[in-house]
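# Chains, contacts and geometry: an overview
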Amino acid sequence: MSPPIAPVGWSRWLVPPAALSIHLSIGQAYAWSVFKPPLEEALGLSGTQSALPFQLGIVMLGLSAAFGGTLVERRGPRWAMTVALVCFSSGFLLSALGAATQQFWLIVLGYGFVGGIGLGIGYISPVSTLIKWFPDRPGMATGIAIMGFGGGALIASPWSAQMLESFGGDNSGIALAFLAHGLAYAVFMLLGVVLVRVPRPRAEERADGRPATPDGPQVSARQALRTPQFWLLWVVLCMNVTAGIGILEKAAPMITDFFADTSTPVSVTASAGFVALLSAANMAGRIGWSSASDLIGRKNIYRVYLGAGTLMYALIALVGSSSKPLFVLCALVILSFYGGGFATIPAYLKDLFGTYQVGAIHGRLLTAWSTAGVLGPLIVNWIADRQEEAGKHGADLYGRSLLIMMALLAVGFVANELVRPVHPSHHLDAVTAQKGAPRARRQRAESA
């Protein structure tokens, strides 16, 4: 399947809706918790077991993005979106079969393994295309698409809950819900496959007669792994995501614990509303902060994420339990930085490595997300459990976790400060010349 080239006069503003159709669909992954209680009751699962499909899905997201990134660049966005559609929808269909036959391993295989491949390929599928269409506003363009991944759960959560209420929470009802998800998302993602286009090749030629190349430095995905800039950004993303996902995963019990010993404890309904607010901040940060990065620069916006994020954690640790509005405000800001970090990183990569294989480089960088997805919840939950065993309660359960998050953000801040332009020796022309030099020397020696 060759990449579809846009005809003359085709509007570039049709590309963001194509990307959104993919990201809003695969963003359903953040709504997996809706299926946990009925699965546990219908199949006799523990909480740990019912989390396996989601956990495997996130692992496969990082792995498929890392290993499939170069293939996505080579085959183009329509191929990648088609693969994402087939894998993500097939994952739901396999899960439906597993629920109907009460074979949980089929749900893990379907939603986690097959669907997880769809998550990874779908996540990176529009990135390089959007950057090529919007070289003037890459942060805004990628923010629009990646906003969809953050907002997918806002659509999927009530939709899935309503479906389970209509079909029933037994194994047959869950199977019907999975089946409906698979078919509906296939249709919706097909819109992106049909709409997406790549820009027409530039007609200008250089002075030597060869086609014009993109402006700025161009670095291949393989060469990018050999630069300190890639690994510094890996640390930056990992630290920012760890700090955000630590609150996101523990949000409801955290706000309940913080104000449990006060005169105004937080109810279950209020804690659920707090989680919804965090999701909205996550989504808004993806478009708002990434668009701001086009104005003030990628390095400066990460200074805001990491520096102001440290301040927000400090305020929660020091006075968060004494002021509910302050606690909520700080948490919302942190989650907006969490979302903004995801949306800004592709544009940061484009600034450093060019557009040549930015999608493949982005895919490799997403292994930082997989690491942070394990690290953040582990830090918060393990420390809270140990503090509870020591007889502590309330806000004291999270004091050490907050200090660790501040330290991690400080590490990310330092890593961001160390980022410099990529050395010319890693640029595509320089690497090609270096590879050709030994060949030229051999030819001269043979002719002599």
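The rules behind the values
Residues numbered from 1 in each chain as written. Predicted model: local features only at pLDDT ≥ 70, side-chain atom pairs only at ≥ 80, totals over all residues. Heavy atoms only, no water. Helix = DSSP H or I, 4+ residues; strand = E, 2+ residues; numbered from the N terminus. Rg over C-alpha atoms; globule rule 2.2 N^0.38 Å. Buried < 20%, exposed > 50% of the residue type's maximum accessible area, 1.4 Å probe, protein only. Contact = heavy atoms within 4.5 Å. Areas by Shrake-Rupley, 256 points an atom, 1.4 Å probe, with all protein chains shown as cover. Polar contact = N/O pair within 3.5 Å; in protein donor to acceptor, adjacent residues only side chain to side chain. Expected span 1.5 Å × (residues − 1). Salt bridge = Lys/Arg side-chain N within 4 Å of Asp/Glu carboxyl O. pLDDT = per-residue confidence, 0-100. Core = buried A, V, L, I, M, F, W, Y, C linked by side-chain atoms within 4.5 Å. Phe/Tyr/Trp six-rings, centres within 6.5 Å; stacked < 30°, edge-to-face > 60°.

Time to look at the overall build of the protein chain. Across its full length, the protein chain holds 19 helices and zero strands. For 448 residues, the compact-globule estimate of 2.2 N^0.38 gives 22 Å, and the C-alpha radius of gyration of the protein chain, at 23 Å, lies within 12% of that figure. Buried positions account for 52% of the 448 residues belonging to the protein chain. Considering only contacts in the protein chain between residues 6 or more positions apart, those separated by 24 or more positions represent 83%. A total of about 18,900 Å² of accessible surface is found on the protein chain, and carbon and sulfur atoms cover 66% of it.

On to the side chain of S64, then. Mapped onto the elements, S64 comes out in helix 4 (residues 52–75). Polar contacts involving the side chain of S64 include one to the main-chain carbonyl oxygen of M60, which spans 2.7 Å. With sequence-adjacent residues up to four places away left out, S64 is seen in contact with G69, G116, I117, G120 and I121.

Moving on: helix 1 (residues 15–26). In an α-helix there are 3.6 residues to a turn, and that puts residues three or four apart on one side. In this model, helix 1 (12 residues) spans 17 Å end to end at C-alpha, consistent with the 16 Å of a helix rising 1.5 Å per residue. Among the 12 residues of helix 1, 10 are classified as buried, and the element is accordingly described as predominantly covered. Inspection of helix 1 places V15, P16, A18, A19, L20, S21, I22, H23, S25 and I26 among the buried residues, and these make up the whole buried set. The inward-facing, buried residues of helix 1 abut helix 5 (77–100), helix 6 (104–124), helix 7 (127–133), helix 8 (138–167) and helix 9 (171–195).

Okay, unusual backbone geometry next. Phi is mostly negative for residues that are not glycine, and the peptide bonds are mostly trans. A positive phi angle is found at Q102, which is not glycine, with a value near 60 degrees. Within the element layout of this structure, Q102 appears in the loop between helix 5 and helix 6.

Attention shifts here to the pattern of salt bridges. One pass over the structure, following the stated rule, counts seven salt bridges. Where D136 meets R137, a salt bridge forms, and the shortest distance between an N and an O atom there is 3.8 Å. For D136, a relative accessible area of 46% puts it in the partly exposed group. The class of R137 is partly exposed, set by a relative accessible area of 34%. Here R303 ties to E417 by a salt bridge, and the two come within 2.6 Å at their closest N and O atoms. With R303 in helix 14 (residues 298–319) and E417 in helix 18 (residues 399–417), the pair connects residues that are 114 residues apart, well separated along the chain. Owing to a relative accessible area of 31%, R303 belongs among the partly exposed residues under this scheme. For E417, a relative accessible area of 24% gives the class partly exposed. Among the charged side chains, a salt-bridge network with shared partners connects R12, D136 and R137.

Across the protein chain, the average pLDDT comes to 86, with 91% of residues at or above 70. The secondary-structure element of the protein chain with the lowest mean pLDDT is helix 19 (residues 428–447), recorded at 52, while helix 5 shows the highest, at 96. Every residue in residues 204–212 is under pLDDT 50, and counting partners more than four places away or in other chains gives eight contacts. Ignoring residues within four places in sequence, the model shows residues 436–448, a span with pLDDT below 50, making zero contacts including any to other chains.

Once that is clear, we can look at the nonpolar core. Residues Y123, F178, Y313, F327, F353 and W369 are the most contacted members of the largest nonpolar core, which totals 117 residues. Ranked by residue count, the leading element in this core is helix 15 (residues 324–353), at 15 residues. The contacts of F178, once residues within four sequence positions are left out, are W32, F35, F92, S95, A96, A99 and I107. A6, L20, I144 and A145 belong to the second-largest nonpolar core, a separate cluster that totals 12 residues.

Below, the discussion takes up the environment of V304. Structurally, the position occupied by V304 is in helix 14. As a C-alpha pair, V304 and V83 span 221 residues in sequence and 36 Å in three-dimensional space.

Looking now at the packing of aromatic side chains. Applying the stated rule across the entire model yields 28 aromatic pairs. Their ring planes at 45 degrees and their centres at 5.7 Å tell us that W10 and W133 sit as a pair that is tilted. Highlighted residues: W10 in the segment before helix 1 and W133 in helix 7, separated in sequence by 123 residues. Here W133 falls in the buried class, since its relative accessible area comes to 13%. Seen in terms of ring centroids, F259 and F327 are 5.7 Å apart; in terms of plane orientation they differ by 85 degrees. Their pairing is edge-to-face. Here F259 is found in the loop between helix 12 (251–258) and helix 13 (268–296), whereas its partner F327 is found in helix 15, with 68 residues between them in sequence.

A word on the environment of M60. Residue position: M60 is located in helix 4. Under the relative-accessibility criterion, M60 is labelled buried at 11%. Sequence spacing of M60 and M163 is 103 residues, and the spatial spacing of their C-alpha atoms is 27 Å.

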